[in-house]
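Residues per chain are reported as follows:
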Amino acid sequence: MEKQTAGRDNLGKLAPKFAELNDDVLFGEVWSREDKLSLRDRSMITISALMAQGLYPQVKSHLVLGKKHGLKKEEVVEMVTQLAFYTGWPKAWSVFPMVEEVYKDEKARI
């Protein structure tokens, strides 16, 4: 797993401790435990939790990470379809355009 620097890059001056915890603890210690859960599985869980809360900027960021971690477009489309019934139909409508943007270079095989 590559070293996460998003916290420091985006919030390092404003909130240095938060940035440190984001990069070193959340990503450095929790996400790096690939012997417990794969990065792909962690991405699926995180995208689901963020969608459930309607945290769309973070959903988009984690869609990008999920793609990098091996999630295919058709898998994400299926996730969002299932989540629509548990998190709310409008949330799925909000997430699908992000999926389309992130995976614009990959055709769905559904």
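Rules behind the numbers
Residues numbered from 1 in each chain as written. Predicted model: local features only at pLDDT ≥ 70, side-chain atom pairs only at ≥ 80, totals over all residues. Heavy atoms only, no water. Helix = DSSP H or I, 4+ residues; strand = E, 2+ residues; numbered from the N terminus. Rg over C-alpha atoms; globule rule 2.2 N^0.38 Å. Buried < 20%, exposed > 50% of the residue type's maximum accessible area, 1.4 Å probe, protein only. Contact = heavy atoms within 4.5 Å. Areas by Shrake-Rupley, 256 points an atom, 1.4 Å probe, with all protein chains shown as cover. Core = buried A, V, L, I, M, F, W, Y, C linked by side-chain atoms within 4.5 Å. Expected span 1.5 Å × (residues − 1). Axes fitted to C-alpha atoms, helices over the stretch in contact; angles between N-to-C directions. Parallel < 35°, antiparallel > 145°, perpendicular 65-115°, else oblique. Left-handed = near helix turned anticlockwise from the far one by under 90°. Nonpolar A, V, L, I, M, F, W, Y, C, P; charged D, E, K, R; others polar. Patch = residues over 30% accessible without salt bridge, like charges linked within 9 Å, V, L, I, M, F, W, Y side chains within 5 Å. Salt bridge = Lys/Arg side-chain N within 4 Å of Asp/Glu carboxyl O. Phe/Tyr/Trp six-rings, centres within 6.5 Å; stacked < 30°, edge-to-face > 60°.

Participant: Looking at this structure, how should I read the overall build of the protein?
Facilitator: The helix and strand tally for the protein stands at six helices and zero strands. In sequence order, the protein lays out its α and β elements as α-α-α-α-α-α. The globule rule puts the C-alpha radius of gyration for 110 residues at 13 Å, and the 15 Å found for the protein is close to it. Viewed in the frame of its principal axes, the protein has a C-alpha envelope of about 40 × 30 × 25 Å. In the protein, buried positions account for 34% of the 110 residues. Sequence separation of at least 24 residues holds for 62% of the intrachain contacts in the protein that already meet a minimum separation of 6. Surface accessibility of the protein: about 7100 Å² in total, with carbon and sulfur atoms responsible for 58%.

Participant: Please explain the nonpolar core as it appears in this structure.
Facilitator: Most often, soluble globular proteins keep nonpolar side chains buried together rather than apart. Formed by 18 residues in total, the largest nonpolar core has its most connected members in Met51, Val59, Leu63, Val76, Val80, Val95 and Val99. Among the elements of the structure, α3 (39-53), α4 (56-68), α5 (73-87) and α6 (89-102) are those that each provide at least two residues to this core. Among the elements that line this core, the one with the most residues is α5, at six residues.

Participant: Help me understand α6, please; the structure alone is not making it clear to me.
Facilitator: Because an α-helix completes one turn every 3.6 residues, residues spaced three or four positions apart along the sequence face the same direction. Taking 1.5 Å per residue, 14 residues should reach 20 Å; α6 reaches 20 Å between its end C-alpha atoms and fits that length. Within α6 the residues assigned to the buried category are Ala92, Val95, Met98, Val99 and Val102. Against the buried residues of α6 lie α3, α4 and α5.

Participant: Could you clarify how one ought to interpret the packing of α3 against α4 in this entry?
Facilitator: Helix packing geometry: the angle between the two helix axes and the distance between the axes. Orientation of α3 relative to α4, taken along the N-to-C sense of each, is 165 degrees, at an axis distance of 9 Å. With respect to α4, the element α3 is oriented roughly antiparallel. Here α3 and α4 pass one another in a crossing that is left-handed. Contact residues: Ser43, Thr46, Ile47, Leu50 and Met51 in α3; Gln58, Val59, His62, Leu63, Leu65 and Gly66 in α4. For the contact of α3 with α4, the residue count by class is six nonpolar, five polar and no charged.

Participant: It is not clear to me how a nonpolar patch on the surface should be interpreted in this structure. Could you clarify?
Facilitator: Judged by side-chain polarity, Leu21, Val25, Leu26 and Val30 come together as a nonpolar surface patch covering roughly 280 Å² of accessible area. For leucine 21, the position within the fold is in helix α2 (residues 16-31). Judged by its relative accessible area of 40%, leucine 21 is partly exposed.

Participant: Got a minute to help me understand the packing of aromatic side chains in this structure?
Facilitator: Tallied over the entire structure, the rule returns two aromatic pairs. Between phenylalanine 27 and tryptophan 31, the ring centres sit 5.3 Å apart and the planes meet at 25 degrees, which makes this aromatic pair stacked. In this pair, phenylalanine 27 and tryptophan 31 both sit in helix α2, four residues apart, roughly one turn of the helix. Its relative accessible area of 5% is what places tryptophan 31 among the buried residues.

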